[in-house]
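What follows is each chain in one-letter form.
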Amino acid sequence: MKEDLLGSTQGQAVAVDTVRSPHVLLRPLPLDAVNLADGFWEPRRRINREVTLPSQCRHLEETGRLDNFRRASGKTGGEYQGIYFNDSDVYKWLEAASWALAEHTDPGLQRMVDAAITEVEDAQRPDGYLNTYFTFERAAERWTNFDLHEMYCAGHLFQAAVAHFRATGSRRLLDVATRFADHICDTFGPEEGKRQAVDGHEEVEMALVELFRVTGEKRYLEGARYFVDARGHGMLGSPYGQHDPSYSQDHEPLRDQSEVVGHAVRAMYFYSGAADVYAETGEPALVEVLERLWANTTARRMYVSGGLGSRYEGEAFGKDFELPNERAYTETCAAIGSVMWNWRMLGLEAEAKYADLIEHTLYNAVLPGVSLDGQHYFYQNPLADDGSHRRQPWFGCACCPPNVARLLASLPGYFYGASEDAVWVHLYAEGAATVELDGERTIRFRQRTRYPWDGGVEIDVDAEGEFTVMLRIPAWCEEGAAFEVNGESVDAGITPGSYAKIRRAWRPGDTINLALPMPVRCVECHPYVAENAGRVALMRGPLLYCVEQPDNHDVDLRDLALESTKPTARFEPDLLGGVVVLQAEARSVAPDAGWEDRLYRTVHQGGGNVRTEAREITAIPYYSWASRESGAMRVWPRSG
Ligand SMILES: [Zn+2]
């Protein structure tokens, strides 16, 4: 073991450890350096820890996912159960549980983790290979069809192992991972005598970089770079038939790409892996293409929720402006992948636009994926629905549930960053943080806030000496952002969508008061998204809103047309776990009687819609929809 290159050990768990990466501007903080106190996120994280993780472990057992490992090690017989990549669900759960253990001692959860690791250990082959689908009757088929996710599963094993090692200091799972990684790096690569291949589903790239960061083994970084470089040379595709090479971003080399295409989760994982490779190598072409793809994603192919992937076919991105609401695919995993990619870009470039999108995606595209009780999940996240789309307790393809769990478990890691002489506050929530700056200074932050319901944030800075605090001024806060230090306003050049810089000699007891006004905003969509023409979405602070039938019983939501008057906001402590609801004037503008029994008619004078009197309607945060009796939902009501 190379001690000097080791990442973190127990108590120093960092979800994506770029501390020693040479091309990273902002280094992350260990998970246990940030405590989220009671407020918006911590109750959800407690449910994740105490309810979601144990219930997911039961699903892994009941659906045969753990039995597949027992079968592979000869402990049980029978058939392999479920989809060929079911191992990955066990690994993602192990990663989530490990991050949870990094912060909280939990003997029950610890036992579940230890037991699962034993099954994984025992299933590994003597040559390091590990995939329970390719055992016994399928052993000869290993590495023959790269659309069967062998490297994808391996990547999730590596990420789980890194998390477990950083959280507990134990090498048990890490040893399994490095044996398999050695096997992969011995088998595949550009060198003569090795096989040339890439996996249909990206994931192993970022996992190998993380394994490099923990172990210091350069061959893992070289493996990751090889898999990034090798994609786009047509190695996938025709033999596996059912999809175009672009489905797996294999249609052209990454550095030549300018549009996000194909399976959205794969794309996000690919770009995350490429960003990780850039963090270590600094190759300019890599970061240039990532910026290009980010621009195409955010300006042309992203839902107002931050959700990604507009097509059911291929779970894929559509063309520019192809963003249907009711048929939105927007897999929860794609949103999680977007957070992962944006987190890496934020570290590389220290630009607020990435932190803005992390915040927006967390609240509006990841959070809808899990129910308030922490035991039901959305796979797809439509932006309009007739009431039939409901969260499910589990899926045959269960990628999303443990993905949500691992993000919530590692969430504190996304709140702050540190550069040479500055502490960066990316996200706001009630809680505290301890930041070690330049190896000698310890700075304690305490945030007091009702965010995201209120934009007032009071930050105690407990420190001595001169350094900089960088505060994110969200892009949504278009007017009126201001802050004071110790009651005196500071002219720090506040620009929405950037970091405000406060440099001073700090003293214990110093307090920053940040004001981020949250007026209700009516948001319109680019006119080329035909479906949203003449419609508006409501936002307040970082939250996207929707109208849902249970709050608006006697109106067909398809007919709802908002009036131009300003909506108002009100906190409802007993609704949906406590939310700010918006109230707006709206009318029902229904089709006239002439439309009965017909879909088309010649345009004529006199025909029209039936307008009712304006009335008050209620909008709720989009993340909380489908939590009561079923009913229609819409993010984009008509305007006027
Ligand atoms: Zn998923």
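Located above this text is the structure these notes cover.
Residues numbered from 1 in each chain as written. Predicted model: local features only at pLDDT ≥ 70, side-chain atom pairs only at ≥ 80, totals over all residues. Heavy atoms only, no water.

Asks: What exactly am I supposed to notice about the overall build of the chain here?
Replies: When its secondary structure is counted, the chain shows 13 helices and 23 strands. Here the C-alpha radius of gyration of the chain, 25 Å, is about what a compact globule of 640 residues would show, namely 26 Å. With respect to the principal axes defined by its C-alpha atoms, the chain has extents near 80 × 70 × 50 Å. For the chain, buried positions account for 62% of its 640 residues. Partitioning the intrachain contacts of the chain with sequence separation of at least 6 by distance along the chain shows that 67% fall at a separation of at least 24. (Helix = DSSP H or I, 4+ residues; strand = E, 2+ residues; numbered from the N terminus. Rg over C-alpha atoms; globule rule 2.2 N^0.38 Å. Buried < 20%, exposed > 50% of the residue type's maximum accessible area, 1.4 Å probe, protein only. Contact = heavy atoms within 4.5 Å.)

Asks: I tried to follow the sheet that holds strand 8 (residues 456-462) on my own but got confused; where do I start?
Replies: The strands that make up a sheet pair up through hydrogen bonds in the backbone, lying either parallel or antiparallel. Taken together, seven strands build an open sheet; the order of strands is 2-6-7-8-13-10-11 and the sheet is antiparallel. Looking at strand neighbours, the two that pair on one side only are strand 2 (34-36) and strand 11 (488-489), the edges of this open sheet. (Pairing = 2+ DSSP bridges.)

Asks: I would appreciate a short explanation of the pairing of strand 18 (residues 568-572) in the present structure.
Replies: A regular strand carries its side chains on alternate faces of the sheet. Two strands pair when backbone bridges link them, and strand 18 and strand 19 (residues 579-591) are joined in this way by five bridges, in the antiparallel orientation. Paired with Glu 572 across the strands is Val 579, a residue of strand 19. Adjacent in sequence and paired antiparallel, strand 18 and strand 19 are bridged by six residues, among which Leu 576 carries a positive phi angle near 55°.

Asks: Is there a simple way to think about the environment of Tyr 269 in this case?
Replies: Mapping Tyr 269 onto the fold places it in helix 9 (residues 264-281). Sequence separation between Tyr 269 and Val 204 is 65 residues, and the spatial gap between their C-alpha atoms is 8.9 Å. Residues in contact with Tyr 269, not counting those within four places in the same chain, are Tyr 152, His 156, His 201, Glu 202, Glu 203, Met 206, Gly 337, Met 340, Asn 403 and Arg 406.

Asks: Just checking my understanding: could you explain the sheet that holds strand 5 (residues 422-425) for this structure?
Replies: Strand order in this open sheet of five strands is 1-4-5-9-12, and the pairing throughout is mixed. Every interior strand has two partners, whereas the edge strands, strand 1 (27-28) and strand 12 (498-506), have only one. Two strands pair when backbone bridges link them, and strand 5 and strand 9 (residues 465-473) are joined in this way by four bridges, in the parallel orientation. Bridging across to strand 9, Val 423 finds its partner in Val 469. Along the sheet, helix 12 (residues 352-366) contacts strand 9 and strand 12; its crossing angle with strand 9, the most-contacted strand, is approximately 55°. (Axes fitted to C-alpha atoms, helices over the stretch in contact; angles between N-to-C directions.)

Asks: Just checking my understanding: could you explain the coordination of the zinc ion for this structure?
Replies: Coordination sphere of the zinc ion, protein contribution only: Glu 331 (OE), Cys 333 (SG), Cys 399 (SG) and Cys 400 (SG), at 2.1 to 2.3 Å. Here the zinc ion binds four donor atoms, and the angle range of 93 to 119° at the metal identifies the geometry as tetrahedral. The sequence motif formed by the donor residues of the zinc ion is E-x1-C-x65-C-C. Linking Glu 331 in the loop between helix 10 (284-300) and helix 11 (332-349) with Cys 400 in helix 13 (residues 400-410), this pair joins segments that are 69 residues apart in sequence. For Glu 331, a relative accessible area of 4% corresponds to the buried category. (Donors = N, O, S within 2.8 Å, 3.2 Å for Na, K, Ca; no water. Tetrahedral: all angles 85-135°; square planar, octahedral: opposite > 155°, others 65-115°.)

Asks: Would you mind going over the side chain of Asn 381 with me for this structure?
Replies: Here Asn 381 lies in the loop between helix 12 and strand 3 (384-385). A polar atom in the side chain of Asn 381 sits 2.9 Å from the side chain of Thr 332. If near-sequence neighbours (up to four positions away) are discounted, Asn 381 is found in contact with Ala 328, Tyr 329, Thr 330, Glu 331, Thr 332, Ala 365, Pro 368, Gly 369 and Tyr 622. (Polar contact = N/O pair within 3.5 Å; in protein donor to acceptor, adjacent residues only side chain to side chain.)

Asks: Sorry, what's going on with the pairing of strand 16 (residues 543-548) here?
Replies: Of all six residues in strand 16, six are buried; the element is thus mostly enclosed. Going residue by residue along strand 16, you find Leu 543, Tyr 545 and Val 547 tucked away on one face and Leu 544, Cys 546 and Glu 548 tucked away on the opposite face as well. Bridge analysis of strand 15 (residues 537-540) against strand 16 gives two bridges, and the strand direction is antiparallel. The residue bridging Arg 540 from the neighbouring strand is Leu 543, located in strand 16.

Asks: What is the right way to read the pattern of salt bridges from this model?
Replies: Oppositely charged side chains are able to pair whenever their charged atoms sit close together. For the structure shown, the criterion picks out 51 salt bridges. Arg 219 is paired through a salt bridge with Asp 186; the nearest N and O atoms lie 2.5 Å apart. Of this pair, Arg 219 sits in helix 8 (residues 218-230) while Asp 186 sits in helix 6 (residues 172-187), and the two are 33 residues apart along the sequence. Look at Arg 219 and you get partly exposed, because its relative accessible area is 28%. Connected through shared salt-bridge partners, Asp 17, Arg 166, Glu 210, Arg 213, Asp 276, Glu 280 and Arg 344 make up one network. (Salt bridge = Lys/Arg side-chain N within 4 Å of Asp/Glu carboxyl O.)

Asks: I tried to follow the side chain of Asn 131 on my own but got confused; where do I start?
Replies: Tracing the chain through its elements places Asn 131 in the loop between helix 4 (107-123) and helix 5 (150-168). Within polar-contact distance, the side chain of Asn 131 engages the backbone nitrogen of Tyr 133 at 3.0 Å. Once you skip the residues sitting within four places of it in the chain, Asn 131 turns out to touch Tyr 84, Asp 87, His 149, Glu 150 and Cys 153.

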